[in-house]
Amino acid sequence: MARRIGPFLFGFLLLMSWAVLAASCGGGDDDDDTSSTSKDRDRDGIRDARDKCPRDKEDEGRWGSDAKDGCPATVDDLIELARSDIDTFWQNEFDIDGVVYDGPIKFEPYTTEIETDCGRASLNNAFYCSADHSIYYDSNFLTEQLNSNGDFAPVLIVAHEWGHLVQSLVGILQDDTLYSIQVELQADCLAGVWAADADSRGLMEQGDFNEAIVALFNVGDPRGTQFFDPQAHGRAGDRINSFQDGFEGGIEACSLD
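Residues numbered from 1 in each chain as written. Predicted model: local features only at pLDDT ≥ 70, side-chain atom pairs only at ≥ 80, totals over all residues. Heavy atoms only, no water.

### Concerning the overall build of the protein
Logical step 1: When helices and strands are counted, the protein shows 7 helices and 5 strands.
Logical step 2: In sequence order, the protein lays out its α and β elements as α-α-β-β-β-β-β-α-α-α-α-α.
Logical step 3: When each of the 257 residues of the protein is scored for burial, the buried share is 40%.
Logical step 4: A fraction of 54% describes how many contacts in the protein between residues 6 or more apart in sequence connect residues 24 or more apart.
Logical step 5: For the protein, the exposed area adds up to about 14,800 Å²; of that, 51% sits on carbon and sulfur atoms. (Helix = DSSP H or I, 4+ residues; strand = E, 2+ residues; numbered from the N terminus. Buried < 20%, exposed > 50% of the residue type's maximum accessible area, 1.4 Å probe, protein only. Contact = heavy atoms within 4.5 Å. Areas by Shrake-Rupley, 256 points an atom, 1.4 Å probe, with all protein chains shown as cover.)

### Section: the pattern of salt bridges
Logical step 1: Tallying each qualifying case throughout the model produces 7 salt bridges.
Logical step 2: Lys-106 is the salt-bridge partner of Asp-132, the closest N and O atoms lying 3.9 Å from each other. Highlighted residues: Asp-132 in the loop between β4 (126-129) and β5 (134-138) and Lys-106 in the loop between α2 (75-97) and β1 (107-110), separated in sequence by 26 residues.
Logical step 3: Here Glu-113 makes a salt bridge to Arg-120, at a shortest N to O gap of 3.7 Å.
Logical step 4: Take Glu-113: its relative accessible area is 41%, and that puts it in the partly exposed class. (Salt bridge = Lys/Arg side-chain N within 4 Å of Asp/Glu carboxyl O.)

### Brief notes about the confidence of the model for the protein
Keep in mind that low pLDDT regions are not for reading the predicted coordinates in detail.
Logical step 1: On average, the protein scores 81 in pLDDT, and the residues at 70 or more come to 72%.
Logical step 2: Low confidence marks residues 1-35, where pLDDT is under 50. Its contacts with residues over four positions away, or in another chain, come to 14 contacts. (pLDDT = per-residue confidence, 0-100.)

### Description of the nonpolar core
Logical step 1: Formed by 43 residues in total, the largest nonpolar core has its most connected members in Trp-90, Trp-162, Trp-194 and Phe-243.
Logical step 2: For this core, the leading source of residues is helix α4 (residues 152-169), giving 10 residues.
Logical step 3: Of all hydrophobic cores here, the second largest spans 6 residues; its members include Tyr-110, Ile-114, Ala-121 and Tyr-136. (Core = buried A, V, L, I, M, F, W, Y, C linked by side-chain atoms within 4.5 Å.)

### Points about helix α3 (residues 139-149)
Logical step 1: Those residues of α3 not exposed but buried are Ser-139, Phe-141, Leu-142, Gln-145 and Asn-149. Projected down its long axis, α3 shows its buried positions confined to an angular sector of 160 degrees, all on one face. For α3, the exposed residues set more than 90 degrees away from the buried face come down to Asn-147 and Ser-148.
Logical step 2: Buried positions along α3 lie against α2, β1, β4, β5, α4 and α6 (208-218). (Arc of directions from axis to C-beta.)

### Describing the side chain of Asn-149
Logical step 1: Looking at the secondary structure, you find Asn-149 in helix α3.
Logical step 2: Reaching out from Asn-149, the side chain makes a polar contact with the side chain of Asn-218 at a distance of 3.3 Å.
Logical step 3: Contact partners of Asn-149, with chain neighbours within four places excluded, come to Glu-211, Val-214, Ala-215 and Asn-218. (Polar contact = N/O pair within 3.5 Å; in protein donor to acceptor, adjacent residues only side chain to side chain.)

### Concerning the packing of α2 against helix α5 (residues 180-200)
Logical step 1: One can describe the packing of α2 onto α5 by two numbers: an axis separation of 11 Å at closest approach and a directional angle of 100 degrees. Relative to α5, α2 is oriented roughly perpendicular. Contact with α2, carried on its side by Asp-85, Ile-86, Phe-89 and Trp-90, involves Leu-190, Val-193, Trp-194, Asp-197 and Ala-198 of α5 and no other residues of that element.
Logical step 2: Taken together, the residues that form the contact of α2 with α5 break down as 7 nonpolar, no polar and 2 charged. (Axes fitted to C-alpha atoms, helices over the stretch in contact; angles between N-to-C directions. Parallel < 35°, antiparallel > 145°, perpendicular 65-115°, else oblique. Nonpolar A, V, L, I, M, F, W, Y, C, P; charged D, E, K, R; others polar.)

### Brief notes about α5
Logical step 1: In this model α5 runs 31 Å from its N-terminal to its C-terminal C-alpha over 21 residues, within 8% of the 30 Å that 1.5 Å per residue would give.
Logical step 2: Most of α5 is tucked away, with 15 of its 21 residues classed as buried.
Logical step 3: Backbone geometry just downstream of α5 places Gly-202 in the positive-phi region, at approximately 75 degrees. (Expected span 1.5 Å × (residues − 1).)

### Overview of the packing of α6 against helix α7 (residues 236-249)
Logical step 1: Contact geometry of α6 with α7 gives a least axis separation of 8 Å together with a crossing angle of 145 degrees. Where α6 crosses over α7, the two elements pack in a sense that is right-handed. Contacts between α6 and α7 pair Phe-209, Ala-212, Ile-213, Leu-216 and Phe-217 from the former with Ala-236, Arg-239, Ile-240, Phe-243, Gln-244 and Phe-247 from the latter.
Logical step 2: When its residues are assigned to classes, the contact of α6 with α7 shows 9 nonpolar, 1 polar and 1 charged. (Left-handed = near helix turned anticlockwise from the far one by under 90°.)

### Some details on the side chain of Asp-85
Logical step 1: Positionally, Asp-85 belongs in helix α2.
Logical step 2: For Asp-85, a relative accessible area of 16% gives the class buried.
Logical step 3: Sequence-distant contacts of Asp-85, defined by excluding residues within four places in its chain, comprise Trp-194, Ala-198, Arg-201 and Leu-203.

### Overview of the packing of aromatic side chains
Logical step 1: Applying the stated rule across the entire model yields 9 aromatic pairs.
Logical step 2: Arranged with centres 5.7 Å apart and planes meeting at 45 degrees, the rings of Phe-107 and Trp-162 form a pair that is tilted. With Phe-107 in strand β1 and Trp-162 in helix α4, this residue pair connects regions lying 55 residues apart in the sequence.
Logical step 3: Residue Phe-107 is classed as buried on the basis of its relative accessible area of 17%.
Logical step 4: A residue is classified by how much of its surface remains accessible, and Trp-162, at 0% relative accessible area, is buried. (Phe/Tyr/Trp six-rings, centres within 6.5 Å; stacked < 30°, edge-to-face > 60°.)

Dropping the structure here:
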């Protein structure tokens, strides 16, 4: 004879079946619920239904990604934003003076040593090449700067190299009477000019200026470097002062006279 299920056991099995069904539908764990259009697990303002990275917040900083895809910015996003803004700034400055502006022919990242018209591009470096009017940068180096000194550090490096591009356009790089240190410090000053404009437009956030100071402090010439050294860029204090001169005094403060 078949045994009948008692009322208590029947109720228990019914309760368990509902629990299993709820779990299979994802109702028991918010972290696994990707079907709901109202979920925003990482609380970045982008709902999970259209968030490509629902467990990682989109960057809130002004130098974060502008893709609005819900994912953290990469160094490539950061550099692209910097490139576009710096290029537009100098285009406008040249237009005001009625001077022809030519942006870089190439703005090229690399992760291994490559050959350029200025020779082999070394690692842990970024540079402007006047031979082909291009800017090259080791993307791993800029990532390291991002992780070590904050998001404005790699942006500052790009702005500095763009300063060399500007110098080339106005003939400063072609002046053989100038020492390397004069050219490098002026590029820091020109980076400060752009940074001040970016700040006036609300693009810089609190802490960016200090990140620039720290980055310049870390790349100052070693003690004992002579001013006439062909590789001299300036001691930490000199580089910081030059950046501040441009930031506070504008282009006029960057004159080599």
